[in-house]
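Listed here are the chains, written in short residue letters.
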2 protein chains.
Amino acid sequence: MAQKLLVLGGGFGGLYAARELRKRFGDEAEIQLISEENYFVFQPLLPEVAAGAITSMHAVTSLRELLAGVRLRKATIHSVDFDRQVVTVFQGVQRRPTEIEYDHLVIAMGSRIDLSRVPGLEDHALKMKTLEDARRMRAHIIERLEHADVTFLPEVKREALTFVVVGAGFSGIECIGEMKELIDRSLKYYPNIDPSEIRVIAVEFAPRALNELPESLAAYAVKQLEKRGVEVMFNTGVASVTGRRLVTSTGEVIPTRTIVATIGNAPSPVILDMDLELTHGRVAVDRTMQAKGRENVWSLGDCALIPLKDDAKERDDFAPPTAQFAVREASQIAQNIQAAVQGKPLKPFKYKSRGALASLGARRGVAEVFGIKVSGYPAWLLWRMYYLSFMPGFDTKLRVFLNWLLDSIRPRSVVALRAPEKEGARYVHYAAGDPVFEKGNRSDGFYTVVSGRFEVSYQDETTGETVTREVGPGGHFGERMIMGESTRFGTVRALTDGTALVLGQEEFTKLSSTFEALGSYLEDHFNRVYHIDWHPGAAKPSGEPAEKSPTRH
Amino acid sequence: MAQKLLVLGGGFGGLYAARELRKRFGDEAEIQLISEENYFVFQPLLPEVAAGAITSMHAVTSLRELLAGVRLRKATIHSVDFDRQVVTVFQGVQRRPTEIEYDHLVIAMGSRIDLSRVPGLEDHALKMKTLEDARRMRAHIIERLEHADVTFLPEVKREALTFVVVGAGFSGIECIGEMKELIDRSLKYYPNIDPSEIRVIAVEFAPRALNELPESLAAYAVKQLEKRGVEVMFNTGVASVTGRRLVTSTGEVIPTRTIVATIGNAPSPVILDMDLELTHGRVAVDRTMQAKGRENVWSLGDCALIPLKDDAKERDDFAPPTAQFAVREASQIAQNIQAAVQGKPLKPFKYKSRGALASLGARRGVAEVFGIKVSGYPAWLLWRMYYLSFMPGFDTKLRVFLNWLLDSIRPRSVVALRAPEKEGARYVHYAAGDPVFEKGNRSDGFYTVVSGRFEVSYQDETTGETVTREVGPGGHFGERMIMGESTRFGTVRALTDGTALVLGQEEFTKLSSTFEALGSYLEDHFNRVYHIDWHPGAAKPSGEPAEKSPTRH
């Protein structure tokens, strides 16, 4: 009976493992790959997508094209039952779980971003992990330029024109380089912005950048960026973040509305839940990449901790989480799985890095390959060719190359395309004294207090006196908009550092009209606090008869 | 003092009006255009974006490039005070309103889509108005193919492989043509889908398609689509829609998970609020395009009702809402505004349609131009050139043309790129007997009932008996997920036709942990109904100490 070989994850590790398994087993095995998306992302190219140097569709390739002979299942992985040898997934918009059996399982689920260690960072920073992140960052930057071009308020302009990238590793350096390029090229369209008003800042906790490159090359890279006007702060961490400022570990306050976080790689929560031995959230495997204690479970790539020698202890004794290593690991893992099926001995994974390359944006790079240092445009070309080499199959390589060529001759645009995102429920952080909203502002949501104390003040409609009340954790403000008030009735400011949860206007209005218990609570609240007689029932979905409209007495 | 000329809206009408005003006034006027987006959308090309025939960036052009000498303000229009001659907008993420003064105001705000007349359509149909709509449709279609390829359930497969477009006007016909093309070209990647399993259906209320074309040409267009396997239903309206079926006015039930609505043009709510004379929600103007009763307020394009003759009464006595007319109106409106400023007489708008063109997708079209009928590929080329001609300036025409050329040689891909949209709060419609969710399903949100009656059934944990309870309007179910249950405890089905409001898991969890009144209510609810002792406090934002975790006793 044909072996069932199941690969979880469609990044470098998973994709190559599935291909190598197919090469080795041919039709003697049923090979399946499960991925959340049906495409493969060239992650290192994402900053170029954000800058508009490359079309977003040219930074991804369809997995079905790359996986001939392999079954592709687009689904979300829920859990793994190692005893029954079954993976539970949710596919489509199904809520019903589907179970997939396996004989051998390859876990290649990569890593995700976790920014929870710095207050506010998770809620206020942009990431650079997915294609949507890249698009979002691009639209965000252009919108800041649009706003800066028309605002009358100098502090708003300064915040809008200050851009911060956290982390000066490969991702951070490339990101800030492309960001500076995007801004520089766009300025000609914005007559009210002077180049001197712009600040682009990299904040790095370590004393140097680009850890995997020799120090001289990293210093050269930083110098190139500084020549282009980028500020780089070393030995500087991030203490806290709000929607309008970043506070560094050295106490410096940077007013900004754009923070890009390139730090914070963390394990996938699905892996944390697995009944496997983990080290620092990564799957503990032996040198053959078998999971400890489970002979038919294997792991590679960012989510695995693969020792490069016996008695591995230091960080450098393990395979680094790079594409270069993932692809070699995939080759060895396929060989080992075949050996395991055939009852032959397994081999340990062995590989020595050929070098490292980094893009500095604007078609400049730095590289060290086989000990030789390269910089500038040739290094950037090398960097691009390097990633092209990972595309499996000549056809695919050619197509991707032609796409990149076309992108290079295309002029850039300053179109700010942003998916109109639902407000949902988001956390907003405030420093003591920060305004939350002011009388007359557009009503943007329903606020509930997570922590800290806030002061609500308004003019009593009957007496004309100014009334203030304090709201603490569990309390709320901003609910008056449910009565149809499109601008704020009162002013709210933070008395202490604090965090509020903002529920979008649409969500709040719909919920209050439908959820009887909430409607009653608000009815009572308006009565007690504002002496207003209000009843739920304003927002009605299509085709429904409207109930009593909201009234004020 | 220089005249302040303000244009609201960045579509065909607004863009051309601003350009014409700049040509006529030069530096003698301050001309400003306010638009929600900083780019112009080639709306007729959106279905091709959805099909992947054209890159999304090639269906838009940056407004700043097209408006040299005109101030562009990216902002949301809130209201107009015609007496003070001031427009109030919100720009950036500001909640603080900004006021812009004008001497002459041109209202060119277009139309929006309103699907509220058919139950469920607003909540379950895809639209084709913005670039994001096009992207969303593309990703949606590919995801249905992905799901159909892997599902074990025949009814799910049938629903996933049935695609319905409502409306057989220019937009509907082009949409269904491109949709069929996308599906046909993608099938080779999906080994488990047989072409015969696919249904692509157009539903049209009138007895014929493409109203503005001669009947013979419209009949030819429909015949071409039918030859390609598209089903076209005439004299058929939509009675109701849920997430899994469409019911026609003739009582036919079509199981489907894809409904695209190309009908339902309605006025912008901002215009409805204006202190102006409106007819059917459009600005009532006289033949010179001045708003009735206001000499310095003008309107053109979709949002205006412009008489083409004195005593205009029938629909054909007014300018149709097309790009062709909007561009000519812009020319006349600029001439009239200049005449008004100089105290000279105004001229009525006069124009006779040169013809109409429609795309059938897959690079086929039908057209009637100056009385000559054209069809097939030449008609499609004509159609493309027609829209290219609207691009102002040779540079822009050339650039857009080259982009389109490149797109034509690019192979298509089946990458399903979708912005991970927040759940927010959405309405879902059910027919009597429909399941809402079943025990073991993935928990996807908190449900509150808008209308109808639902039955919740589960096994009591102590007695083992099956317990059922009914939930009606104002009530709720699905709240147990807040205790960390990632799969459903009970089963819910609709007893009658009904509608529920689903609040996304993330939003519900955050709100219940923060909003004290809601947390208390749920605590009490779990106690009374399930005899479970639960306390709020599970989800905490970054940097905050966790409170008591949820416990079950």
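What you see is a predicted model; the values in this text were computed from it and never measured.

1. Comments concerning the overall build of chain A
Here is step 1 of the chain: On a plain count of helices and strands, chain A comes out with 14 helices and 32 strands.
Here is step 2 of the chain: Relative to the compact-globule value of 24 Å for 553 residues, chain A shows a C-alpha radius of gyration of 27 Å, a close match.
Here is step 3 of the chain: In terms of overall dimensions, chain A has C-alpha extents of about 90 × 55 × 45 Å along its principal axes.
Here is step 4 of the chain: Going through the 553 residues of chain A one by one, you find that 58% of them count as buried.
Here is step 5 of the chain: Taking the intrachain contacts of chain A between residues at least 6 apart in sequence as the baseline, contacts between residues at least 24 apart amount to 66%.
Here is step 6 of the chain: When the 69 basic and 71 acidic side-chain charges of chain A are each reduced to a single mean position, those positions are 6 Å apart.

2. Notes on the interface of chain B and chain A
Here is step 1 of the chain: With 107 residues of chain B at the interface, the matching set in chain A holds 107 residues.
Here is step 2 of the chain: Summing both partners gives a buried area of about 8800 Å² for chain B against chain A, and 59% of it is carried by carbon and sulfur.
Here is step 3 of the chain: Linking chain B with chain A are 6 salt bridges.
Here is step 4 of the chain: The salt bridge partner of Arg96(B) is Glu438(A), with a shortest N-O separation of 3.6 Å.
Here is step 5 of the chain: Taken together, the residues that form the side of chain B that touches chain A break down as 43 nonpolar, 30 polar and 34 charged.

3. Some thoughts on the side chain of His429(A)
Residues and elements named next belong to chain A.
Here is step 1 of the chain: Here His429 shows up in strand β25 (residues 425-430).
Here is step 2 of the chain: Side chain to side chain, His429 and Asp123 meet in a polar contact 2.7 Å long.
Here is step 3 of the chain: Polar contacts involving the side chain of His429 include one to the side chain of Thr499, which spans 3.3 Å.

4. Examining the pairing of strand β32 (residues 498-504) of chain A
Residue and element names in this part refer to chain A.
Here is step 1 of the chain: The buried fraction of β32 is high, at 7 of 7 residues.
Here is step 2 of the chain: Judged by which residues are buried, β32 turns out to be covered on both faces: Gly498, Ala500, Val502 and Gly504 on one side and Thr499, Leu501 and Leu503 on the other are all buried.
Here is step 3 of the chain: Bridge count for β25 against β32 is 6 bridges, and the pairing is antiparallel. Residue pairing in the sheet places Tyr427 in a bridge with Leu501 of β32.

5. Some points on the relation of the copies chain B and chain A
Here is step 1 of the chain: Its rotation angle being 180°, the transformation that places chain B on chain A also includes 0.0 Å of axial translation and leaves an RMSD of 0.0 Å. This pairing of chains is accounted for by a two-fold axis. Of the C-alpha atoms belonging to chain B, the one lying closest to the rotation axis is found on Gly424(B), 2.3 Å away.

6. Brief notes about the sheet that holds strand β20 (residues 297-299) of chain B
Sheet strands associate in pairs through backbone hydrogen bonding, adopting either a parallel or an antiparallel arrangement.
Here is step 1 of the chain: Strand order in the open sheet made by the 7 strands is β7-β6-β5-β2-β1-β8-β20 (chain B), with mixed pairing throughout. The open sheet is flanked by β7 (98-101) and β20 of chain B, the only strands paired with a single partner. The sheet shows a mean angle of 40° between the axes of neighbouring strands, direction not considered.
Here is step 2 of the chain: Bridge count between strand β8 (residues 104-107) of chain B and β20(B): 3 bridges; the pairing is parallel. Following the sheet pairing, Val106(B) is matched in β20(B) by Trp298(B).
Here is step 3 of the chain: Sheet strands in contact with helix α5 (residues 131-150) of chain A are β5 (71-81) and β6 (86-91) of chain B, and its direction is about 70° off that of β5(B).
Here is step 4 of the chain: With respect to the sheet, helix α1 (residues 12-25) of chain B is in contact with β1 (3-8), β2 (29-35) and β8 of chain B, its orientation differing from that of β2(B) by roughly 170°.

7. Notes on the domain arrangement of chain A
In many reports, interface size means the accessible area that the parts give up when they come together.
Residue and element names in this part refer to chain A.
Here is step 1 of the chain: Assigned domains of chain A: these are domain 1 (3-36 + 75-112 + 266-353), domain 2 (121-263 + 356-409) and domain 3 (425-552).
Here is step 2 of the chain: Relative placement of domain 1 and domain 2: their C-alpha centres are 32 Å apart.
Here is step 3 of the chain: Between domain 1 and domain 2, the contact holds 9 residues from the first and 9 residues from the second.
Here is step 4 of the chain: Carbon and sulfur atoms make up 55% of the area that domain 1 and domain 2 hide from each other, which totals about 750 Å².
Here is step 5 of the chain: Those elements that provide at least two residues to the side of domain 1 that touches domain 2 are α1 (12-25), β9 (111-113) and α10 (323-342).
Here is step 6 of the chain: A per-class count over the side of domain 1 that touches domain 2 returns 4 nonpolar, 2 polar and 3 charged.

8. Here's the deal with the sheet that holds strand β13 (residues 238-241) of chain B
Residues and elements named next belong to chain B.
Here is step 1 of the chain: An order of β13-β14-β15 is seen for the 3 strands of this open sheet, with the pairing classed as antiparallel. Every interior strand has two partners, whereas the edge strands, β13 and β15 (253-255), have only one. Within this sheet the neighbouring strands show an average axis-to-axis angle of 20°, counted without direction.

9. Description of the UniProt feature "domain: Cyclic nucleotide-binding" (unreviewed entry) in chain A
Here is step 1 of the chain: Under the UniProt annotation, "domain: Cyclic nucleotide-binding" (unreviewed entry) lies at residues 428-511 of chain A.
Here is step 2 of the chain: Annotation note: span residues 428-511 of chain A, helix share 8%, strand share 45%, distance between end C-alpha atoms 21 Å.

10. Description of the pairing of strand β11 (residues 199-203) of chain B
Residues and elements named next belong to chain B.
Here is step 1 of the chain: Counting buried positions along β11 yields 4 of 5 residues, so the element is predominantly enclosed.
Here is step 2 of the chain: Here 5 bridges tie strand β10 (residues 162-166) to β11, and the two strands are oriented parallel to one another. What sits directly across from Thr162, in β11, is Arg199.
Here is step 3 of the chain: Read from β10 through helix α7 (residues 170-186) to β11, the crossover connection turns out right-handed.
Here is step 4 of the chain: Where β11 lies against strand β12 (residues 230-233), 4 bridges are found, and the strand directions are parallel. For Ile201, the partnering residue across the bridge sits in β12 and is Glu231.
Here is step 5 of the chain: A crossover links β11 with its parallel partner β12, the connecting element being helix α8 (residues 215-227), and its sense is right-handed.

11. Brief notes about the side chain of Ser443(B)
Here is step 1 of the chain: Along the chain, Ser443(B) turns up in the loop between β26 (435-437) and β27 (445-451).
Here is step 2 of the chain: In this structure Ser443(B) touches Met481(B), Glu485(B), Ser486(B), Thr487(B), Arg488(B) and Gln505(B), once residues within four positions along its chain are discounted.

12. A closer look at the packing of helix α11 (residues 377-389) of chain A against helix α12 (residues 394-409) of chain A
Residues and elements named next belong to chain A.
Here is step 1 of the chain: The N-to-C vectors of α11 and α12 enclose an angle of 150°; their axes lie 10 Å apart at closest approach. Note on packing geometry: the crossing formed by α11 with α12 is right-handed. Residues Arg384, Met385, Leu388 and Ser389 of α11 lie in contact with α12, whose contacting residues are Lys397, Val400, Phe401 and Trp404.
Here is step 2 of the chain: Grouping the constituent residues of the contact of α11 with α12 by class yields 5 nonpolar, 1 polar and 2 charged.

What counts and what doesn't
- Residues numbered from 1 in each chain as written.
- Chains lettered and ligands numbered in written order.
- Predicted model: local features only at pLDDT ≥ 70, side-chain atom pairs only at ≥ 80, totals over all residues.
- Heavy atoms only, no water.
- Helix = DSSP H or I, 4+ residues; strand = E, 2+ residues; numbered from the N terminus.
- Rg over C-alpha atoms; globule rule 2.2 N^0.38 Å.
- Buried < 20%, exposed > 50% of the residue type's maximum accessible area, 1.4 Å probe, protein only.
- Contact = heavy atoms within 4.5 Å.
- Lys, Arg positive; Asp, Glu negative; His and termini not counted.
- Charge placed at Lys NZ, Arg CZ, Asp CG, Glu CD.
- Buried area = accessible area lost by both parts, 1.4 Å probe.
- Salt bridge = Lys/Arg side-chain N within 4 Å of Asp/Glu carboxyl O.
- Nonpolar A, V, L, I, M, F, W, Y, C, P; charged D, E, K, R; others polar.
- Polar contact = N/O pair within 3.5 Å; in protein donor to acceptor, adjacent residues only side chain to side chain.
- Pairing = 2+ DSSP bridges.
- Least-squares fit on C-alpha atoms with pLDDT ≥ 70 in both.
- Axes fitted to C-alpha atoms, helices over the stretch in contact; angles between N-to-C directions.
- Domains from an automatic or database assignment.
- UniProt positions renumbered as here; feature names shortened; annotations may be inferred.
- Right-handed = clockwise from strand over helix to strand, strands pointing away.
- Left-handed = near helix turned anticlockwise from the far one by under 90°.

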